[in-house]
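One letter stands for each residue in the lines below.
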Amino acid sequence: MEAMAKARYVRVTPQKARRVVDLVRGRRTGDALAVLEFAPQAASEPVRKVVESAIANARVKADQAGEPFDERGYVVSAAFVDEGPTMKRFRPRAQGRAARINKRTSHITVVVAPAPARARAAASSTGRTS
């Protein structure tokens, strides 16, 4: 059962957030959380929170449908970053001039879904547990 989570108006530039999101797209949820936990980028914290929220949303959906839920069987099927509104600020410069500073925001979206059956079978035949 597919579940989605969004974080809107996050104060990190979309370019920097996309670098982090590219690290976890297509990974198992446990692996994705481990990567985000130790990623040095500042954008990894909001992305980790969105992944955790998507997992929690999948758990709630499974409970409502009466299906068993195993977090290890889910993958980050889609993850993308859209550009939010830009806050425009001005900074004084030399000789009475002013320079514009753009404070960009991001909308981070993560979708988790159960791993395909063949991927689960391959993981179990190789002895991998996560």
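Everything numeric in this text was worked out from a predicted model, so none of it was measured. (Residues numbered from 1 in each chain as written. Predicted model: local features only at pLDDT ≥ 70, side-chain atom pairs only at ≥ 80, totals over all residues. Heavy atoms only, no water.)

Asks: Would you take a moment to explain the pairing of strand S5 (residues 106–114) for this structure?
Replies: Successive residues of a regular strand alternate their side chains across the two faces of the sheet. Most of S5 is tucked away: eight of the nine residues are buried. With nine bridges connecting them, strand S2 (residues 74–83) and S5 associate as antiparallel partners. In the strand pairing of S5, Asp-82 is matched with His-107. (Buried < 20%, exposed > 50% of the residue type's maximum accessible area, 1.4 Å probe, protein only. Helix = DSSP H or I, 4+ residues; strand = E, 2+ residues; numbered from the N terminus. Pairing = 2+ DSSP bridges.)

Asks: I keep staring at the environment of Val-111 and nothing clicks. Help me out?
Replies: As for its placement among the helices and strands, Val-111 is situated in strand S5. In this structure, the C-alpha to C-alpha distance between Val-111 and Arg-91, residues 20 residues apart in sequence, is 39 Å.

Asks: Would you mind going over the pattern of salt bridges with me for this structure?
Replies: Think of it this way: side chains of opposite charge can pair up when their charged atoms draw near. Applying the stated rule across the entire model yields seven salt bridges. For the salt bridge of Arg-25 with Asp-22, the shortest nitrogen-to-oxygen distance reads 2.9 Å. On the basis of relative accessible area, Asp-22 is assigned to the partly exposed category, the value being 46%. The residue Lys-49 makes a salt bridge to Glu-45 at a minimum N-O spacing of 3.7 Å. Residue Lys-49 and its partner Glu-45 are both found in helix H3 (residues 44–65); the two are separated by four residues, about one turn of the helix. Each member of the salt-bridge network shares a partner with another, and the members are Glu-37, Arg-48 and Glu-52. (Salt bridge = Lys/Arg side-chain N within 4 Å of Asp/Glu carboxyl O.)

Asks: I'm lost on the side chain of His-107 in this one. Help?
Replies: By the element assignment, His-107 lies in strand S5. Exposure remark for His-107: the relative accessible area of 14% places this residue in the buried category. Ignoring sequence-local partners within four residues, the contact set of His-107 consists of Ala-7, Arg-8, Tyr-9, Phe-80, Val-81, Asp-82, Glu-83, Gly-84 and Pro-85. (Contact = heavy atoms within 4.5 Å.)

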